[in-house]
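# Survey of secondary and tertiary structure
Chain residues, written in single-letter form:
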Amino acid sequence: MTNVEKLKSIKDACGNACHKEHEEHSHVHVPTPHEHHIAGHPEDCRCEACHPHEDYCDVCGESLANCTCKMPDADVPKKVYILENLACANCAAKMEHKIQELPGVRYASISFATRQLRLSAANQETLLSEIQEICQSIESGVVIIPRESTCTFSEKKALTAASKVATKEKTAIIPRKLGEILVSVLLFLLFFFGSIAEPVKFYGFILAYIILGHEILYSALKKLYKGNIMDENFLMMVATIGAFAIGDAAEALGVMLFYRIGEYFEERAVEKSRGEIIGVVDMRPEVVNLLIGEEVKIIPAADANVGDILLVRVGDRIPLDGVIIDGESLIDTSPITGEPVPVKLGYGDEIISGCINSSGVLKIRVEKVLKESMVTKILDAVENAAAAKPQMDKFITSFARIYTPVVVVIAILTALIPGVITGEWQKWIYTALTFLVISCPCALVLSIPLAYFAGIGAGAKRGILFKGGVVLEALKNCAVVIMDKTGTVTEGNFIVQKVFPAENIIADELLKLCASVELVSTHPIASSIVMAAKNKDMDLVAPIKAEEVAGEGIVAETAYGQILCGNKKLMERYGVDISAYSGLDFGTEVLVARQQKYMGHLLISDTVKQDAVSAINKIKNMGLATAMLTGDSAESAQAVATEVGVDNVYARLLPQDKFNVLNTLRNKYGSVMFVGDGINDAPVLAGADVGAAMGSGADAAIMAADVVFMNSEMEAIPKAIEIAKFTNGIAWQNVVFALVIKITIMILGLAGFASMWMAVFADTGVAMLCVVNSVRILYKKF
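From a predicted model like this one, the values you see are computed outputs, not experimental measurements.

## Some remarks on the sheet that holds strand β19 (residues 561-566)
The six strands lie next to each other as β16-β21-β20-β19-β18-β17, forming an open sheet whose pairing is antiparallel. Each edge of the open sheet is held by one strand with a lone partner, namely β16 (495-501) and β17 (545-549). Sheet twist, expressed as the mean angle between neighbouring strand axes with direction ignored, is 20°. Note: β17 against strand β18 (residues 553-558), five bridges, orientation antiparallel. Across the sheet, Val549 pairs through a bridge with Gly553, a residue of β18.

The structure is reproduced here in structure tokens:
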């Protein structure tokens, strides 16, 4: 998640319920700006109470007045474009760099993995032709098309037609390329092995070379005319023509032949990997079965409206979010949540898109259109995540800008200096030509974004949404996992376990009195008390007046007089004698007093999640420390921590206290991951190095989080960390492998052992292997 989104989430969460305590039985008012600061609010909070009327940069977190970064402003139009036919990762990096330098462009980011350009600029229509020219000059055939979801129907028709033309042209190129390669192979074999006169052989090699490499030559000359001499096509042209010049015509043709073959298979590998990754997360339906009376009409999914009735047959994917109005079935939710056990749903149950109908025919009423349904949200989340580039990706992109010029300079020096000293010009020119062949950084630039994109796809496949490669990068460095208790370690389903009336008080009378007061609260504990009373068919009457005391409870005026419902602090504040009260070891107690006389207390407890123990063990086996923060009592918190095996426990915390504890743990252990689910967790989520939210939690928490666990399971925490570590490992494997091979070929070349054939492998061969290595992430069992 970007810093500005985090800060906005803090602002929203703080402004709405800054000191609401989710786990403690407390009821809170929204603080004024003065109270906000007195409460010891986190220093880096950017909510309106602390910093009114300020906006902050997406990268550095500074106010835009002091920021020097080129990042999107709130008032600058933002749009997403698709770069059709984009096939070169290094070209994508060059395009991004040049577009960012255009006047009027506030922010530009190209994701090679999704072929998307995210642009923030005024007068984008004016800039579009200039951007198109930039893209065409770097990689011919690239067509910029606005993302369909933002287009009108008429625009979509025009863009679809343009996209079809581009795709048709691209499809036509494939057999032509194969034909050229085949002809060149035949000519190569004929002239290399056949008994033909040398002059005829030489001109035959030139003919085959032109047939095979005319596109490379044309592209190189076009870019040379525009002053771009660091293009891989130009360098390949120089290297192969140089081979002709020194009399190695067969090698020149062979290098061009294997370069084109490698290039072809590299493109296919990239396309396949893109398709596999997107296929995992793009579950949007093309059409739906619309019921009109008894007739079934097939319509585009985008044309379905809220209130439409859809028919979902056995084996079909649920097309849109809705409610079941007829039928019953087992629903496979694994595509969304990663949970393998089917869920039984029937009449009146909500059902989300992307799940699979396993056993019965269903009729569902559409509640959300396609662009608002879960399948679209997941795809959007993954595509947005692909645009949030990790530091490693940014470094490699910057490195690539100097890598090619440096290698070219080394090649020139290799040809000149040893040639002058030894006089063996042909040998050293040949060595220099091998350097030119491996001067393209594509394997480096290509493999990093694909690795992180595959990691994001692997997470989405298992119900874990990473909001960017930068999150995967940060998550691998976490040294401590801090968890909220209620809703994270526990189910968050509070139940009134027992009522303990004081002497001469009836238990049902105590429950009814407490439940009547709790009608004014939406806290989970309050809801559990109200539910317990309603289950006994009690008639509840809301209080005449009620005031919530932060971190303590409720003071209410009722027909029975003043009623206090809360913890020991509340009782002590109002001078209630609670000598008859004896605390218990586990659970939350709500003490009740009427007219300052103690009436008894209720015991409410939560249940620990089934997978909590195994998840904590896995986290600790990874060498990470664990901690649990809660506003609940120390006894209750310690009991849960002991049961699941958490190392550090901090109880009776207000939201600002949690933030302070998080900083203490960060200073002690290092980078921290915080997992929560409540509105009050939003500031802490945003303040953590990696914030994770349970999918069942509050929207503010999910918005503030870097990772969202759709299935709300504890097992998702170690799984996310494992995916992050494996993904980063693959990215580093790709970088090290590519650099080692290239450097090795250069050293062998200087020693006189490397050939241009080996250099071709160091270029296209290594790039293809790195792509294949990246796709392994999708198939790894986590």
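## What about the side chain of Lys609?
Here Lys609 shows up in the loop between β21 (597-605) and α19 (612-621). An unpaired buried charge is present at Lys609: no salt bridge exists, and Glu491, the closest side chain of opposite charge, is 5.5 Å distant. Within the structure, the side chain of Lys609 is placed 3.2 Å from the backbone oxygen of Gly487, a separation counted as a polar contact. Setting aside residues up to four positions removed in sequence, Lys609 forms contacts with Gly487, Thr488, Val489, Thr490, Glu491, Met694, Ser712 and Met714.

## Quick look at the packing of helix α7 (residues 232-245) against helix α12 (residues 425-437)
Each pair of packed helices can be described by the angle between their axes along with the distance between the axes. Relative orientation of the contacting elements α7 and α12 amounts to 155°, with a least axis distance of 8 Å. With respect to their mutual orientation, α7 and α12 come out roughly antiparallel. The handedness of the crossing between α7 and α12 is left-handed. Contacts from Leu235, Met236, Val238, Ala239, Gly242 and Ala243 in α7 reach Leu433, Leu436 and Val437 in α12.

## Some points on the confidence of the model for the protein
When pLDDT is averaged along the protein, the result is 78, and 80% of the positions lie at 70 or above. Across the protein, element-level confidence peaks in α19 with a mean pLDDT of 94 and bottoms out in helix α2 (residues 33-38) with 33. Residue range residues 1-71 is modelled with pLDDT below 50. Its contacts to residues more than four positions away, or to other chains, number 180 contacts. The model gives residues 149-172 a pLDDT under 50, and that stretch makes 16 contacts with residues more than four places away or in other chains.

## Focus on the packing of helix α11 (residues 391-422) against helix α24 (residues 716-751)
Running from N to C, α11 and α24 cross one another at 5°; their axes reach a closest spacing of 13 Å. It follows from the interaxial angle that α11 and α24 lie roughly parallel. In this structure, α11 contributes Met392, Ile396, Phe399, Tyr403, Ile410 and Thr414 to the contact, and α24 contributes Ala731, Trp732, Val735, Leu739, Lys742, Met746 and Leu750.

## Focus on the pairing of strand β9 (residues 329-332)
With three bridges connecting them, β9 and strand β10 (residues 343-345) associate as antiparallel partners. Its bridge partner lying in β10, Ser329 is registered against Leu345. Summarising the sheet, β9 and strand β12 (residues 356-357) pair through two bridges and their orientation is antiparallel. Residue pairing in the sheet places Asp332 in a bridge with Ile356 of β12.

## A few points about the nonpolar core
In a soluble, globular protein the nonpolar side chains are often hidden away together inside. Membership of the largest hydrophobic core comes to 163 residues, with the highest contact counts inside it found for Ile99, Phe466, Met673, Phe709 and Ile717. Here this core takes 14 residues from helix α13 (residues 442-461), the largest share from any one element. Residues within four places of Ile717 in sequence aside, it is in contact with Val481, Met483, Ile619, Met673, Val675 and Phe709. Counting residues in hydrophobic clusters, the runner-up holds 36 residues, among them Ala532, Ala556, Cys565 and Leu591.

## Quick notes on a nonpolar patch on the surface
Together, Val409, Ile412, Leu413, Leu416, Ile417, Val420, Ile421 and Trp425 give the surface a local cluster of nonpolar side chains, amounting to about 770 Å² of exposed area. Of all the elements, α11 adds the most residues to the nonpolar patch, at seven residues. Within the secondary structure, Val409 is located in helix α11.

## Observations regarding the sheet that holds strand β1 (residues 78-84)
Ordered in space as β2-β3-β1-β4, the four strands form an open sheet in which the pairing is antiparallel. Looking along the sheet, the strands with just one partner apiece sit at the ends: β2 (105-111) and β4 (143-146). Averaged over neighbouring strand pairs, the angle between their axes works out to 25° when direction is ignored. Relative to β4, β1 is paired through four bridges, and the arrangement is antiparallel. Within β4, the position partnered with Glu84 by the bridge is Val143. Strands β1, β2 and β3 (116-121) of the sheet are contacted by helix α3 (residues 89-100), whose axis makes an angle of about 175° with β2. Taken strand by strand, helix α4 (residues 124-138) contacts β1, β2, β3 and β4, and its axis lies near 140° from that of β3.

## Topic: the environment of Ala108
On the secondary structure map, Ala108 appears in strand β2. What makes Ala108 buried here is its relative accessible area of 2%. As for Ala108 and Glu96, which are separated by 12 residues in sequence, their C-alpha atoms are 6.4 Å apart.

## Things to note about the packing of aromatic side chains
In total, this model carries five aromatic pairs according to the counting rule given. Ring plane angle 20° and centroid distance 6.2 Å describe the contact between Phe395 and Phe399, whose orientation is recorded as stacked. Of this pair, Phe395 and Phe399 both sit in helix α11, four residues apart, which is roughly one turn of the helix. Judged by its relative accessible area of 54%, Phe395 is exposed. One aromatic cluster is present, built from ring pairs that chain together Phe395, Phe399 and Tyr403. Here the basic side chain of Lys780 rests over the ring of Phe726, its NZ or CZ set 5.3 Å away from the ring centre. It is Lys780 that lies over the ring of Phe782; its NZ or CZ is 6.0 Å from the centre.

Conventions used here
- Residues numbered from 1 in each chain as written.
- Predicted model: local features only at pLDDT ≥ 70, side-chain atom pairs only at ≥ 80, totals over all residues.
- Heavy atoms only, no water.
- Pairing = 2+ DSSP bridges.
- Helix = DSSP H or I, 4+ residues; strand = E, 2+ residues; numbered from the N terminus.
- Axes fitted to C-alpha atoms, helices over the stretch in contact; angles between N-to-C directions.
- Buried < 20%, exposed > 50% of the residue type's maximum accessible area, 1.4 Å probe, protein only.
- Lys, Arg positive; Asp, Glu negative; His and termini not counted.
- Salt bridge = Lys/Arg side-chain N within 4 Å of Asp/Glu carboxyl O.
- Polar contact = N/O pair within 3.5 Å; in protein donor to acceptor, adjacent residues only side chain to side chain.
- Contact = heavy atoms within 4.5 Å.
- Parallel < 35°, antiparallel > 145°, perpendicular 65-115°, else oblique.
- Left-handed = near helix turned anticlockwise from the far one by under 90°.
- pLDDT = per-residue confidence, 0-100.
- Core = buried A, V, L, I, M, F, W, Y, C linked by side-chain atoms within 4.5 Å.
- Patch = residues over 30% accessible without salt bridge, like charges linked within 9 Å, V, L, I, M, F, W, Y side chains within 5 Å.
- Areas by Shrake-Rupley, 256 points an atom, 1.4 Å probe, with all protein chains shown as cover.
- Phe/Tyr/Trp six-rings, centres within 6.5 Å; stacked < 30°, edge-to-face > 60°.
- Lys NZ or Arg CZ within 6 Å of the ring centre and 35° of its normal.

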